[in-house]
Amino acid sequence: MTTPETDVAEQPEEQSRQRPEERLERAVRAAEQALIEFEIAVETFRVEVENFSRLHHQKLGPMYTRLDELEALIAEATAARTDDPEDRRKADEARARVMPMPGVEELFHGWMDGDGLFPEAAAMLTEQSVRPPQRVRPSDEARKLYRELVRKSHPDLAQDDGERGRRDEFIARVNAAYGRGDEALLRELAAEWAAGPVPPARQPTPSEELYARLEWLAQRKELLAAVAHELEESAIGAMLRMAPEDPDALLDEIAEQLLTQVAEREAELERLTAS
């Protein structure tokens, strides 16, 4: 029989047993909130980098293209003047940077080459069979294994819905293996059936689930940190960090520099081509 005194004495002991799990729960909640804030920060920066990259391409892309074109024209004009093989090589490289010409195979990702559509692609586009189905003639041993497995695992032998579901799934694998004439797989399935159903896995304790949650949160944070580092180290991310408060002003500054370079290259080209 317990007395009020013993009840009071037992309460601290019971609370002490609960504290480690409660501390774990608090740690998990704190880690979840910190991860959410970190995810928001990383996603916000990703969107900023993406938007800045789009603006950079729209505003400065034509200038970069013009510079590449002028560099190629200057190299070609220089090669025409000197007739030097090295200058011709440099001119060819400069022109390749301006107008990269991918092969037909690259453009159509394996659908066609210089001679036209691949047979498989033509068949798909005309709704024909890509290739005739392969005829399989199972061996005598495969037939024997198949009949034995069907007799043993037939769904009609199930005693309840759970067992029927297991048998339905298993017999589908048996049919697929027999359809391919895969004798080795039929042997594996026979051994699997003989071993019986897999016993249910032990359910983790609440503390184990909390520790697993903490580990997942830590891994997720490491992944996000790697993404953030990659964004920061990218060319666009580095530019964005140079002027986080006014990135448009940075684009204007770069545009002015590019315009100056374009004017210089145009003047150089004019000197080379003047005759």
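Each remark here, short or long, concerns the structure printed above.
Anyway, here's the lowdown on the structure attached to this text. Computed from a predicted model, the values in this text were never measured in an experiment.

Moving on to the packing of aromatic side chains. Taken as a whole, this structure holds 2 aromatic pairs when the rule is applied. Ring geometry for Tyr146 against Tyr178: centres 4.1 Å apart, planes inclined by 15°, an arrangement best described as stacked. Of this pair, Tyr146 sits in helix α5 (residues 140-153) while Tyr178 sits in helix α6 (residues 161-179), and the two are 32 residues apart along the sequence. Judged by relative accessible area, which is 22%, Tyr146 ranks as partly exposed.

Our next topic: unusual backbone geometry. Peptide bonds are mostly trans, and most non-glycine residues show a negative phi. Of note, Asp83 is a non-glycine position whose phi angle comes to about 55°, a positive value. Within the fold, Asp83 resides in the loop between α1 (4-82) and α2 (85-98). Classification of Asp83 by relative accessible area gives exposed; the value is 69%.

Right, let's get into the packing of α6 against helix α7 (residues 183-195). Between α6 and α7, the least distance of the axes is 9 Å, while the angle of their chain directions is 160°. The orientation of α6 relative to α7 falls into the category roughly antiparallel. The two elements α6 and α7 cross, and the hand of that crossing is left-handed. Residues Glu163, Arg166, Arg167, Phe170, Arg173, Val174, Ala177 and Tyr178 of α6 form the contact with α7, whose own contacting residues are Leu185, Leu186, Leu189, Glu192 and Trp193.

In this section: the side chain of Asp87. With respect to the helices and strands, the residue Asp87 is situated in helix α2. Despite its burial, Asp87 pairs with no opposite charge; the closest candidate is Lys90, at 4.8 Å N-O. One polar contact links Asp87 to Thr82, side chain to side chain, over a distance of 2.6 Å. Setting aside residues no more than four positions away along its own chain, Asp87 makes contact with Ala75, Thr78, Ala79 and Thr82.

Parameters at a glance
Residues numbered from 1 in each chain as written. Predicted model: local features only at pLDDT ≥ 70, side-chain atom pairs only at ≥ 80, totals over all residues. Heavy atoms only, no water. Phe/Tyr/Trp six-rings, centres within 6.5 Å; stacked < 30°, edge-to-face > 60°. Helix = DSSP H or I, 4+ residues; strand = E, 2+ residues; numbered from the N terminus. Buried < 20%, exposed > 50% of the residue type's maximum accessible area, 1.4 Å probe, protein only. Axes fitted to C-alpha atoms, helices over the stretch in contact; angles between N-to-C directions. Parallel < 35°, antiparallel > 145°, perpendicular 65-115°, else oblique. Left-handed = near helix turned anticlockwise from the far one by under 90°. Contact = heavy atoms within 4.5 Å. Lys, Arg positive; Asp, Glu negative; His and termini not counted. Salt bridge = Lys/Arg side-chain N within 4 Å of Asp/Glu carboxyl O. Polar contact = N/O pair within 3.5 Å; in protein donor to acceptor, adjacent residues only side chain to side chain.

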